[in-house]
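Coordinate inspection notes
Here is how the chains run, residue by residue.
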Amino acid sequence: MSDAPEQLYAAREPIFPKRVKGTFRSFKWWIMGVLLGIYYLSPWIRWDRGPNLPDQAILIDMADRRFYFFWIEIWPHEFYFIAGLLIMAGLGLFLFTSALGRVWCGYACPQTVWTDLFILVERWIEGDRNARLRLHKQKWNGQKVRLRLTKWVAWALISLATGGAWIFYFADAPTLLVDLVTMNAHPLAYTTMFVLMATTFFFGGIAREQICIYACPWPRIQAAMMDEDTIVVAYRDWRGEPRGKHRKGEDAEELGDCIDCMACFNVCPMGIDIRDGQQLECITCALCIDACDEMMKKIGKPTGLIDYIALKDETRERAGGHKIPILKHILRPRTILYTTLWAAVGIALTVALFVRPPLEVTIRPVRNPTYVTLADGSIRNTYDVGVRNKHGEERPYYFSLSEGSDMQIALEGTDELLVLAEADEEKKVRVYVIAPKGSDAATLDRTELRIWIKDGVSGDRTFKDTVFNGRGK
């Protein structure tokens, strides 16, 4: 009897997907090209906002705490727009999963997109599936070292471009590129770039499907989003079984359409056999559909042995019926609810974006002391006021109180009742409001107070209500 401990975990077997052609593979190439193009090129798009504002169309300006997206500018206090977009992203994920299964994972997830790109480079350098399998099993020699180093260098360059593109979203891209090349960039830029380079290299080139299976939580959540109408990739076992390779002889008629060619398994980037039924690892990329359809055409059998199909369709087809139209699967209470919620959040964000006031003011009463009694017996309150200038030019802003008020207003450090706020900045100013001796505001504990601010260029006015504290009787 052996004393060796029982091995509870098997070593990972690398997956080498076979090249495949077809509708879904072409669709994935287009999506990959568009998404990578958007990611790598977006920081270089210019957008003229005026002489005093950045001209990068998409910019996360951490230093000035701004987010720019073409003509839209988000200030720190408007973070609810970002929260709303995240809610929309979550609802969108729920919607697409309930309708089409893990379609996000199969086509648009960054892990899928970069893994597809890395596999494409690997195939160019090392050959298709069989050649890569032979190279994997081959002992290390000059050829293997050369091919592996070439592949790793190509992966590293893609990873470097990925990390570099990310940091370009946080600073002016042309300026930062020059600083990076001349070694004048901030150490944080280099650190971020190389951390992202390392993670991209590892996730897309080394770990691959293990990220989807073990690290990503979505495969374990998706079941709650799916039901019998959800369209997923599935194998029509009632048509394909019993499978067999031989098509001649007396028992040929008893065989199903599946010839057990393993084409569906060989092209799967997750290394699973779709004929075993629904599995957590399946990302519904549909490459197995392309592979199976190509084989069915070669042997003169109808395509669709592996296809997008819902559980309701399976029940109907087993009974000799036909598939339910796709729209009937998609338009059902669950998806309609997700769509309604998604649209409601989008409409609310759009309305909030366009009704934002061009002039915003914050007022904070100074509480220590609550009030000051001046030499003539009048009462003075102090307020810290912030005026946000959302325009691309310097503008004057005038302060006043409501008409008929017997109180006076003054600004610290100036005899004028105006401040100049620089373009796209918040101007901080200390404001004094004085109530004459014997007035109601001076003798009462609290008096409602309204301070008005006027844009000296556009004439827009806004106000803020606060409280004036008196001596009390």
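A closer look at the sheet that holds strand S9 (residues 395-401)
By definition, the strands of a sheet pair up through backbone hydrogen bonds, in either a parallel or an antiparallel sense. Sheet architecture is open: 4 strands sit in the order S11-S9-S13-S14, paired in antiparallel fashion. The strands lining the two open edges of the sheet, one partner per strand, are strand S11 (418-421) and strand S14 (461-469). Between one strand axis and the next, the sheet turns through 30° on average, direction left out of account. When S9 meets S11, the two strands line up antiparallel, connected through 4 bridges. Its bridge partner being in S11, Tyr397 is matched across the sheet by Val419.

Quick notes on the pattern of salt bridges
Counting across every chain of the model gives 40 salt bridges. Here Asp227 ties to Arg334 by a salt bridge, and the two come within 3.2 Å at their closest N and O atoms. Taken together, the residues span a long stretch of sequence, with Asp227 in the loop between helix H10 (218-221) and strand S4 (232-235) and Arg334 in helix H16 (residues 333-354) at a distance of 107 residues. You can call Asp227 partly exposed: its relative accessible area is 29%. Of the charged contacts in the structure, one is a salt bridge between Arg236 and Glu317, with a shortest N-O distance of 2.7 Å. With a gap of 81 residues between them, Arg236 in the loop between S4 and helix H11 (237-240) and Glu317 in helix H14 (residues 311-318) connect regions that are remote in the sequence. Overall, Glu317 belongs to the buried group, its relative accessible area being 16%. If you follow the salt bridges from partner to partner, you end up with Lys18, Glu122, Arg123, Glu126, Asp128, Arg132, Arg148, Lys151 and Arg208 in one network.

A word on a negative patch on the surface
A cluster of acidic residues, Asp64, Glu394, Glu422 and Glu425, forms a negative patch on the protein surface. Inspection of the secondary structure assignment puts Glu394 in the loop between strand S8 (379-389) and S9. Residue Glu394 is classed as partly exposed on the basis of its relative accessible area, which comes to 48%.

Observations regarding the environment of Gly90
As for its placement among the helices and strands, Gly90 is situated in helix H2 (residues 80-100). In the structure, Gly90 is positioned 249 residues away from Thr339 in sequence and 12 Å away in space, judged by C-alpha atoms.

Here's the deal with helix H8 (residues 187-207)
What sets the pattern is the α-helix's 3.6 residues per turn: residues three or four places apart point alike. Relative to the 30 Å expected for 21 residues at 1.5 Å per residue, H8 spans 28 Å between its end C-alpha atoms, a close match to the ideal helical length. Every buried residue belonging to H8 is among Ala189, Tyr190, Met193, Met197, Thr200, Gly204, Gly205 and Ala207, and all of these are buried. Where H8 is buried, its residues meet helix H4 (110-126), helix H6 (142-167), helix H7 (173-181) and helix H9 (209-215). Downstream of H8 by a residue or two, Arg208 has a phi angle that is positive, lying close to 50°.

Side note on the packing of aromatic side chains
Within the structure shown, the criterion is met by 19 aromatic pairs. Ring geometry for Trp47 against Phe70: centres 5.4 Å apart, planes inclined by 85°, an arrangement best described as edge-to-face. Here the residue Trp47 occupies a position in the loop between helix H1 (23-41) and strand S1 (58-61), and Phe70 occupies one in the loop between strand S2 (66-69) and strand S3 (72-74), the gap between them amounting to 23 residues. The partly exposed category is assigned to Trp47, whose relative accessible area is 32%. With centroids separated by 6.0 Å and ring planes inclined at 55°, the aromatic side chains of Phe202 and Phe203 adopt a geometry described as tilted. Through successive ring pairs, a cluster of aromatic residues spans Tyr39, Tyr40, Trp114, Trp166, Tyr169 and Phe170. Between Arg380 and the ring centre of Tyr432, over which it is positioned, the NZ or CZ distance is 4.5 Å.

Section: the pairing of S14
Here strand S13 (residues 446-455) pairs with S14 via 9 bridges, running antiparallel. Looking across to S14, one finds that Lys454 is bridged to Arg461. What sits between the antiparallel neighbours S13 and S14 is a turn of 5 residues, in which Gly459 has the positive phi angle 85°.

Details of the packing of H4 against H6
Taken N-terminus to C-terminus, the directions of H4 and H6 make an angle of 150°; their axes are 10 Å apart at the nearest point. Taken together, the axes of H4 and H6 are roughly antiparallel relative to one another. Seen from above, H4 lies across H6 with right-handed handedness. Residue-level inspection shows Trp114, Leu117, Phe118, Val121, Glu122, Ile125 and Glu126 of H4 in contact with H6, the latter providing Leu147, Arg148, Thr150, Lys151, Ala154, Trp155, Ile158, Ser159 and Thr162. Here the residues of the contact of H4 with H6 are counted per class, giving 9 nonpolar, 3 polar and 4 charged.

Focus on the nonpolar core
Core analysis: the biggest nonpolar cluster contains 35 residues, and Val233, Ile274, Cys288, Ile289, Ile306 and Tyr308 have the highest contact counts within it. Those elements giving two or more residues to this core turn out to be helix H3 (103-107), H9, S4, helix H12 (263-267), helix H13 (287-299) and strand S5 (306-309). With 6 residues, H13 is the largest single contributor of residues to this core. Ignoring sequence-local partners within four residues, the contact set of Tyr308 consists of Phe24, Tyr107, Ile231, Val232, Val233, Thr284, Ala286, Ile289 and Lys323. Listed in part, the 25 residues of the second largest apolar core include Ile379, Phe399, Val431 and Ile453.

Cut-off values and rules
- Residues numbered from 1 in each chain as written.
- Predicted model: local features only at pLDDT ≥ 70, side-chain atom pairs only at ≥ 80, totals over all residues.
- Heavy atoms only, no water.
- Pairing = 2+ DSSP bridges.
- Helix = DSSP H or I, 4+ residues; strand = E, 2+ residues; numbered from the N terminus.
- Axes fitted to C-alpha atoms, helices over the stretch in contact; angles between N-to-C directions.
- Salt bridge = Lys/Arg side-chain N within 4 Å of Asp/Glu carboxyl O.
- Buried < 20%, exposed > 50% of the residue type's maximum accessible area, 1.4 Å probe, protein only.
- Patch = residues over 30% accessible without salt bridge, like charges linked within 9 Å, V, L, I, M, F, W, Y side chains within 5 Å.
- Areas by Shrake-Rupley, 256 points an atom, 1.4 Å probe, with all protein chains shown as cover.
- Lys, Arg positive; Asp, Glu negative; His and termini not counted.
- Charge placed at Lys NZ, Arg CZ, Asp CG, Glu CD.
- Expected span 1.5 Å × (residues − 1).
- Contact = heavy atoms within 4.5 Å.
- Phe/Tyr/Trp six-rings, centres within 6.5 Å; stacked < 30°, edge-to-face > 60°.
- Lys NZ or Arg CZ within 6 Å of the ring centre and 35° of its normal.
- Parallel < 35°, antiparallel > 145°, perpendicular 65-115°, else oblique.
- Left-handed = near helix turned anticlockwise from the far one by under 90°.
- Nonpolar A, V, L, I, M, F, W, Y, C, P; charged D, E, K, R; others polar.
- Core = buried A, V, L, I, M, F, W, Y, C linked by side-chain atoms within 4.5 Å.

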